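# Structure at a glance
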Amino acid sequence: MSVLLAVVVGLLMGAVFGVALEKSRVFEPGMIIGQFQFRNFIMLKIFLTAVTTGLVVLAALDGLGLIRLAPKATLFAADVGGGLLLGAGIALAGACPGTVAAQIGAGYRDALGTLAGGIAGAGLFMYLQPVLEPLILSGGPGKLRVDVALGAPYWAVALAFAALWMAILVVLERWRPWRTDLGADHDGIGVPPLGRRPDLPAGRATPAE
Amino acid sequence: MPYGLRDKAWSPYAAGVLIGLLQIPAFLLINTALGASSSYVTVAAHLASLADPAVGGIRYAAQHMEGAKNWWQVAMVAGIALGAFASSRLSGTRRRGFSPIWTRVAGVRSLGGRVLMGTAGGFVMLLGARIADGCTSGHGISGLAQLSVGSFIAVGAMFAGGILAAALMKRI
């Protein structure tokens with residue numbers, strides 16, 4: 001595919017992605033911090049739903065022989081260390097690398113700083129990569145997959161995981177309906193904390209207090 | 001269709017399915033999985049090349065500078081901003097300044113202070129994402145969907161890092 005066509009496809013896919021991120025409110029820093037402080041579960045719900053949809057879609061496409069899966073190599077130290085830094089950065093930024101763009105689009109000015117910091121962080125890694133490669137970015141078991149480790153077909157294990165995530169989502173939604181987590185201004189702020197009756201108006205103390 | 005572009009909020013399930021379906025054009029047209037963080041390397045490498053012409057000599061940088069896959073991802077991240085702009089305009093939920101959450105959990109009261117915090121956060125976030133070779137999209141949405149063992153580890157570490165950092169902030 002030509003670069004120009006790939007850019008058009010990217011812009012169209014991104015527009016859909018951006019609408020989904022904005023409408024679901026997961027681009028709000030209040031949702032991200034709320035998830036990490038176990039006050040708000042919209043981020044986890046979107047995440048697991050997207051994973052589940054991907055599992056079903058890829059089970060079909062791979063089962064039909066239309067695609068080749070492209071998993072990342074397993075590198076234990078890099079996955080753990082990088083993942084920890086990534087998570088801490090997400091909490092400080094109130095965004096992940098994709099939702100930064102949604103914040104900019106929705107009008108948050110601080111997200112321009114997050115974007116600049118992100119480009120600088122990627123730039124530093126680019127210069128460090130040749131040094132880090134022999135230390136933590138090589139070796140390991142390669143592109144390890146759960147289905148391959150189990151010796152089972154991808155589609156079967158993918159559908160089993162899809163069922164597992166869906167069951168978790170059903171329980172999560174019954175325990176904590178998503179509308180409860182939106183907050184008064186759709187930014188995840190003023191959500192009643194866990195254990196408090198979700199039918200009380202957001203941000204108001206319980207009558208007992 | 002139960003949801004429209006003028007609605008202020010969609011269910012996380014509608015949004016999640018829509019995002020998951022984007023794997024179809026990603027795999028069939030671009031021959032890759034959904035991801036976002038390597039586009040930062042593409043932009044960083046081109047910006048660095050303005051001051052440091054030798055950057056193309058770094059194999060990792062060179063791998064991210066050219067080709068349809070790299071520019072597709074840069075365009076997709078730009079498209080996210082366009083989609084969110086249109087969506088927030090249509091529903092009347094435009095944002096200004098920074099989210100009030102930062103005053104509540106971190107005592108940040110000025111835009112300048114918040115920009116500093118966000119810049120630091122973005123820096124750590126992308127450094128971590130590139131060390132782990134993926135972010136919430138690449139390791140999270142795409143890695144877990146491909147049953148990649150490394151992605152299960154990276155996603156667990158990502159949530160752990162986020163929970164630890166958020167535990168240092170004030171609870172509201």
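Residues numbered from 1 in each chain as written. Chains lettered and ligands numbered in written order. Predicted model: local features only at pLDDT ≥ 70, side-chain atom pairs only at ≥ 80, totals over all residues.

To continue, consider the overall build of chain A. On a plain count of helices and strands, chain A comes out with eight helices and zero strands. Once the C-alpha set of chain A is aligned to its principal axes, its extents read approximately 60 × 40 × 40 Å. By residue count, 53% of the 209 residues in chain A fall in the buried class. For chain A, contacts bridging at least 24 residues in sequence account for 59% of all contacts bridging at least 6. (Helix = DSSP H or I, 4+ residues; strand = E, 2+ residues; numbered from the N terminus. Buried ≥ 20, exposed ≤ 12 C-beta atoms within 10 Å, placed from the backbone. Contact = placed C-beta atoms within 7 Å.)

Along chain B, the regular secondary structure elements total nine helices and zero strands. Counted from the first residue to the last, chain B has its helices and strands arranged as α-α-α-α-α-α-α-α-α. Viewed in the frame of its principal axes, chain B has a C-alpha envelope of about 45 × 40 × 35 Å. A fraction of 51% describes how many contacts in chain B between residues 6 or more apart in sequence connect residues 24 or more apart.

Moving on, we get to the interface of chain B and chain A. Chain B puts 115 residues into the contact, and the matching count from chain A is 114 residues. Of the residues in the side of chain B that touches chain A, the class split is 74 nonpolar, 32 polar and nine charged. (Nonpolar A, V, L, I, M, F, W, Y, C, P; charged D, E, K, R; others polar.)

Further remarks concern the packing of helix α5 (residues 99-106) of chain A against helix α5 (residues 68-91) of chain B. Orientation of α5 of chain A relative to α5 of chain B, taken along the N-to-C sense of each, is 40 degrees, at an axis distance of 7 Å. Between α5 of chain A and α5 of chain B, the angle is such that the two are oblique. Taken as a pair, α5 of chain A and α5 of chain B cross one another with a handedness that is right-handed. Along its contact with α5 of chain A, which presents Ala101, Ala102, Ile104, Gly105 and Ala106 of chain A, the element α5 of chain B presents Val77, Ala78, Ile80, Ala81, Leu82, Gly83, Ala84, Phe85 and Ser88 of chain B. A class-by-class count of the residues in the contact of α5 of chain A with α5 of chain B yields 11 nonpolar, three polar and no charged. (Axes fitted to C-alpha atoms, helices over the stretch in contact; angles between N-to-C directions. Parallel < 35°, antiparallel > 145°, perpendicular 65-115°, else oblique. Left-handed = near helix turned anticlockwise from the far one by under 90°.)

Let us now look at the nonpolar core. One finds Leu55 of chain A together with Ile80 of chain B to be the most contacted residues of the largest nonpolar core, which totals 120 residues. Examining the composition of this core, we find that 12 residues originate from one element, helix α3 (residues 42-63) of chain A, more than from any other. If we skip the residues at most four places from it in the chain, leucine 55 of chain A touches Ala158, Phe161 and Ala162 of chain A together with Ala145 of chain B. (Core = buried A, V, L, I, M, F, W, Y, C linked by C-beta atoms within 7 Å.)

Another point: unusual backbone geometry. Of note, arginine 25 of chain A is a non-glycine position whose phi angle comes to about 70 degrees, a positive value. Position of arginine 25 of chain A among the secondary structure elements: in the loop between α1 (3-23) and α2 (29-36). One non-glycine residue, asparagine 31 of chain B, adopts positive backbone phi at about 65 degrees. Among the structural elements, asparagine 31 of chain B can be located in the loop between α2 (23-30) and α3 (38-51). Classification of asparagine 31 of chain B by C-beta neighbours within 10 Å gives partly exposed; the count is 14.

Next up on the list: the environment of glycine 156 of chain B. All names here are of chain B. Examined against the element boundaries, glycine 156 turns out to sit in helix α9 (residues 149-167). Residue glycine 156 is classed as partly exposed on the basis of its 15 C-beta neighbours within 10 Å. When the C-alpha atoms of glycine 156 and glycine 140 are compared, they prove to be 9.5 Å apart, with 16 residues separating the residues in sequence.

Residues and elements named next belong to chain A. Relative orientation of the contacting elements α5 and helix α6 (residues 110-136) amounts to 150 degrees, with a least axis distance of 9 Å. Taken together, the axes of α5 and α6 are roughly antiparallel relative to one another. Considering the relative orientation of α5 and α6, their crossing is left-handed. Taken together, the residues of α6 that come into contact with α5 (itself represented by Val100, Gln103 and Ile104) are Ala111, Leu112, Thr114, Leu115 and Gly118. Here the residues of the contact of α5 with α6 are counted per class, giving five nonpolar, three polar and no charged.

Our next topic: α6 of chain A. End to end, α6 of chain A covers just 33 Å across 27 residues, shorter than the expected 39 Å (1.5 Å per residue, more than 12% under). The principal kink in α6 of chain A, of about 60 degrees, is found at glutamine 129 of chain A, preceding the proline proline 130 of chain A by one to four residues. (Expected span 1.5 Å × (residues − 1). Bend = angle between axes of the 7 residues up to and from the residue.)

On to the confidence of the model for chain A. This prediction gives chain A a mean pLDDT of 93; 93% of its residues lie at or above 70. For the stretch residues 203-209 of chain A, pLDDT sits under 50, and the model shows four contacts to residues farther than four places along the chain or on other chains. (pLDDT = per-residue confidence, 0-100.)

On average, chain B scores 97 in pLDDT, and the residues at 70 or more come to 99%. Note on the complex model: pTM 0.94, ipTM 0.97.

A separate point is the environment of methionine 43 of chain A. All names here are of chain A. Turning to its location among the elements, methionine 43 is positioned in helix α3. Methionine 43 sits in the buried class, given 27 other C-beta atoms within 10 Å. Along the backbone, methionine 43 and serine 24 are 19 residues apart, and their C-alpha atoms lie at a distance of 8.9 Å. Residues contacting methionine 43, with those up to four places away along its chain left out, are Val26, Met31, Ile32 and Gln35.

Now for the environment of leucine 124 of chain A. Tracing the chain through its elements places leucine 124 of chain A in helix α6. In this structure the C-alpha to C-alpha distance between leucine 124 of chain A and methionine 1 of chain A, which are 123 residues apart in sequence, comes to 30 Å.

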